[in-house]
Amino acid sequence: MKSLLFGRFLLLLPWVLIVIIVLDIDSSRPPLPALAPRGGGGSGGARPAAGRAPPRQAPEAAVPTIYAITPTYSRPVQKAELTRLANTFRQVARLHWILVEDAAARSELVSRFVAGAGLPCTHLHVPTPRRYKRPGLPRATEQRNAGLAWLRQRHQHLPPPQSGVLFFADDDNTYSLELFQEMRTTRKVSVWPVGLVGGRRYERPVVENGKVVGWYTGWRADRPFAIDMAGFAVSLQVILSHPKAVFKRRGSQPGMQESDFLKQITTVEELEPKANNCTKVLVWHTRTEKVNLANEPKYHLDTVSIEV
Amino acid sequence: MLRRRNLLTTLLIALPWALLLTLWHQYPTTRYLSLLRKETDENVTSKALLNGTSALREEGLPSCIRQQQSIGATPKVIQNYVYSRPPPWSDTLPTIFVITPTYTRPVQKAELTRLANTFLHVQNLHWVVVEDSPRRTNLVSNLLEKAGLNFTHLNVETPKSLKLGLSWIPSHTPRGTLQRNLGLHWLRDSFSNTAPPEGVVYFADDDNTYSLELFEEMRYTRRVSVWPVAFVGGLRYESPKVSPAGKVVGWKTVFDPNRPFAIDMAGFAISVKLILEKPQASFKLEGVKGGYQETSLLKDLVTMDGLEPKAANCTKVLVWHTRTERPTLVNEGKRGFTDPRVEV
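Rules used throughout
- Residues take numbers from 1 onward in each chain, read along the sequence in its written order.
- Chains and ligands are labelled sequentially in the order written, the chains with letters from A and the ligands with numbers from 1.
- In keeping with the model being predicted, local features are shown solely for residues with a pLDDT of at least 70 and side-chain atom pairs are shown and tallied solely at 80 or more, while totals for entire chains, interfaces and linings include all residues.
- Each side-chain value is derived from all of the structure's non-hydrogen atoms; neither hydrogens nor water enter the calculation.
- Helix and strand assignments come from DSSP, with helices taken as H or I runs of at least 4 residues and strands as E runs of at least 2, each series counted from the N terminus.
- Throughout, exposure labels follow a simple rule: accessible area from a 1.4 Å probe, protein chains only, divided by the maximum for the residue type, with under 20% read as buried, over 50% as exposed, and the rest as partly exposed.
- The contact definition used throughout considers only heavy atoms, calling two residues in contact when any of these lie within 4.5 Å.
- Using a 1.4 Å probe, the Shrake-Rupley method yields the accessible areas, and only the shown protein chains count as cover for residues.
- Each pair of aromatic rings taken from Phe, Tyr and Trp, with Trp reduced to its six-membered ring, is defined by centres within 6.5 Å and is described as stacked if the planes are under 30 degrees apart, edge-to-face if over 60, and tilted in the remaining cases.
- Consider the ring centre and the ring normal. A charge sits over the ring if Lys NZ or Arg CZ is within 6 Å of that centre and within 35 degrees of that normal.
- In this description, a nonpolar core means a group of buried Ala, Val, Leu, Ile, Met, Phe, Trp, Tyr and Cys residues linked to one another through side-chain atoms lying within 4.5 Å.
- Two strands pair under a simple rule: DSSP has to find at least two bridges between them.
- Lines fitted to C-alpha atoms define the axes, with helix axes restricted to the stretch in contact, and inter-axis angles between N-to-C directions lie between 0 and 180 degrees.
- Summed over both partners, buried area is the accessible surface (1.4 Å probe) that two parts give up on being assembled.
- Here, a salt bridge means any side-chain nitrogen of Lys or Arg that lies within 4 Å of a carboxyl oxygen of Asp or Glu.
- Pairing of N or O atoms within 3.5 Å defines a polar contact, subject to two protein rules: one partner must be a possible hydrogen donor and the other a possible acceptor, and residues neighboring in sequence count only if both atoms are side-chain atoms.
- UniProt positions are given in the numbering used here, feature names are shortened, and annotations may be inferred rather than shown by experiment.

### Quick notes on the overall build of chain B
Broken down by element type, chain B carries 12 helices and 12 strands. Expressed as a percentage of its 344 residues, the buried residues of chain B come to 51%. Of the contacts made within chain B by residues no fewer than 6 positions apart, 74% connect residues no fewer than 24 positions apart. In the form shown here, chain B has an accessible surface area of approximately 17,400 Å², with 57% of it arising from carbon and sulfur atoms.

Printed below as a string of structure tokens:
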């Protein structure tokens, strides 16, 4: 009798273990293909050319890459802003930085910066046409679209589902490290509060029962997505499956950039609230003062030329 | 009959074990995943705490828990990814004591956050945050604890008379003076009975931008080292004038270049030994003209020919005197619209 039970137990044991392991795999891994190709950022800021070697295929330990698209333009504080942004981004695992200059050609300052940045970085550039540089018009549209185009082109041949999260990081904002942990689990589009924007201490989506039901904002709350550029992240899969979703230039109203973009790819019901149901501020829309260069000489310039 | 049954039974037993083995082999991550989940949690502070944050908070100093690390030459520029933060404390590297005065305003948490994100890269850094407030605020306390840095949290309130009275022109009133002096005082207190550590003191305002290279430049200061600072004095950068022999002979500034030390607070570092040797040296409060605050401290410590120029003989800009715009909070109204319990 005892031996029979013992035998039965031994028989059942491996099956039970198998079930446990399979469950563990399923729960611990976010939906991922077994082969998650990585283009390979390379160390020290590689600039991937179009005809790159085929991406490495290796079973991933399931950490989706975060893509940060940062438009930047030349002004005195540019290097300072990029430096402190890099200092933050380098603390984040698997972050790929897409830096898009508003310039007709890659500037030396940014090229040198990217080479020594210390994290995977893609350096693109696209100039904004002069007629769009008026105050009141949305800024950095072409640059963000260039970043989106690069991402789409890079992933177009690869099978879905692609893991990765994309967000738009302006170079003067401040990001806490907790934010990246929150956005990494984005399935479609996630949102969170943003500090110091809209004339308020913070703006945030209003969340009920885990769903976004409204917007707590100081400016035009009637917008379909009353959120700042720094307040959302989109999963790579959504970007790839909506190849026509770009930031609008024609007919774009001021302040509607985010809404016009988001309504092409998602609805308010589908939004995933992060940051503890949108009650914690993890990103601040800081702006840097314009620098006082009143004492710069017009004549008798310095004997050396120093990059600032 | 019996043999078939035996065969069946053995098969039934062997099959699941074979399956188990293949699964185990194919997904070795499962075993490690549960361990990893505890370790590489990005927000984990337990690892950082192990680096001795708690040991430092109350009293004196650098008995951070040592980790085995043999440092040969210090790297000048960090090129590799740094995900485990901060780097383990080293016994051989001089400590950088960064004194940051701060005060409550809407952008305070943002400024301290990005400052912490930078400091987390620097090895052997001890952050001394001095609040201009009657009590240590929760905002700063929580931020410092979560950051994972070695820190000391102090506070001293600037009396209102000082905030307004010292100068007719508010922009020339030296700010942060009492706080920096408290930082120096804490440093002197901590090492009054023990041998002073190898190290430097650096005054870092919370709105400036610091490159990582700067900290490696200042680390081996013998007395006082200096370097250029961007965006001060109405220039792209101000810098010390360095002779071909490598000595500081003047100041390349437009605003009052004849000051004994025409340099910004972010442009110099002082070795800890020197601070302890001259216990009377501190920032003066009274009779300090605009732009002379740094002089009021440095004149008691060193003369111009004793300065050590860094940053490639003062030809590279490694620190920027950025200032953050005051956010327009017009929509808060008189009584405040947003929930004050949400910390910003």
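There's plenty left to go through after this.
### Concerning the packing of aromatic side chains
Remark: the centre distance and the inter-plane angle together describe each pair of aromatic rings, the angle taken between the planes. All names here are of chain A. What the rule picks out here adds up to 25 aromatic pairs over all chains. Ring geometry for tyrosine 175 and phenylalanine 180: centres 6.4 Å apart, planes at 45°, overall tilted. We note that tyrosine 175, like phenylalanine 180, is buried. Here arginine 75 stacks its cationic end above the ring of tyrosine 73, 4.3 Å away from the centre of that ring. Here arginine 144 stacks its cationic end above the ring of phenylalanine 247, 5.8 Å away from the centre of that ring.

### Quick word on the nonpolar core
A:Phe89, A:Trp97, A:Phe167, B:Trp127, B:Tyr202 and B:Phe215 are the most contacted members of the largest nonpolar core, which totals 67 residues. For this core, the leading source of residues is helix H6 (residues 138-147) of chain B, giving five residues.

### Regarding the sheet that holds strand S4 (residues 199-203) of chain B
Residue and element names in this part refer to chain B. Taken in spatial order, the seven strands of this open sheet run S3-S2-S1-S4-S10-S6-S11, and their pairing is mixed. Two strands lie at the open edges of the sheet, namely strand S3 (150-155) and strand S11 (307-309), each paired on one side alone. When the angles between neighbouring strand axes are averaged without regard to direction, this sheet yields 25°. Where strand S6 (residues 224-226) meets strand S10 (residues 268-271), three bridges bridge the pair, whose relative direction is antiparallel. When the sheet's bridge partners are listed, valine 224 is paired in S10 with isoleucine 270. In the packing of helix H5 (residues 108-119) onto the sheet, the strands contacted are strand S1 (95-102) and strand S2 (125-131), and the crossing angle to S2 comes to about 165°.

### Overview of the interface of chain B and chain A
In many analyses, interface size is given as the accessible surface area lost on bringing the parts together. Contact residues are listed per partner, giving 70 residues for chain B and 72 residues for chain A. Taking both sides of the interface into account, the surface hidden between chain B and chain A amounts to around 6,500 Å²; carbon and sulfur atoms contribute 58%. With its nearest N and O atoms 3.3 Å apart, the salt bridge here joins A:Glu178 to B:Lys146. If you look at where chain B meets chain A, you find 12 residue pairs in polar contact (both at pLDDT 80 or more).

### Concerning the UniProt feature "active site" (unreviewed entry) in chain A
Residue and element names in this part refer to chain A. Mapped onto the present numbering, the UniProt feature "active site" (unreviewed entry) falls at Glu258. Along the chain, glutamate 258 falls in helix H7 (residues 257-265). Here glutamate 258 is in contact with Arg223, Ile227, Asp228, Met229 and Phe232, once residues within four sequence places are set aside.

### A short note on the sheet that holds strand S3 (residues 121-125) of chain A
Residues and elements named next belong to chain A. Strand order in the open sheet made by the seven strands is S3-S2-S1-S4-S10-S6-S11, with mixed pairing throughout. Because the sheet does not close on itself, it has two edges, and the strands there are S3 and strand S11 (272-273). Pairing analysis gives three bridges linking strand S4 (residues 165-168) to strand S10 (residues 232-235), with the strands arranged antiparallel. Bridge assignment links valine 165 to a residue of S10, and that residue is serine 235. Against the sheet, helix H4 (residues 141-155) touches strand S1 (66-72), strand S2 (95-101), S3 and S4, its axis set at about 130° to S2.

### What about the UniProt feature "binding site: Mn(2+)" (unreviewed entry) in chain B?
Mapped onto this numbering, the UniProt entry gives "binding site: Mn(2+)" (unreviewed entry) at B:Asp207. Once residues lying within four places of it in the same chain are set aside, the contact partners of B:Asp207 are A:Arg84, B:Glu111, B:Thr322, B:Arg323 and B:Thr324.

### Describing the UniProt feature "binding site: Mn(2+)" (unreviewed entry) in chain A
UniProt annotation of "binding site: Mn(2+)" (unreviewed entry) refers to A:Asp172 when read in the numbering used here. Position of A:Asp172 relative to the elements: it lies in the loop between S4 and strand S5 (174-175). The contact partners of A:Asp172, leaving out residues within four places of it in the chain, are A:Glu81, A:Thr286, A:Arg287, A:Thr288 and B:Arg114.

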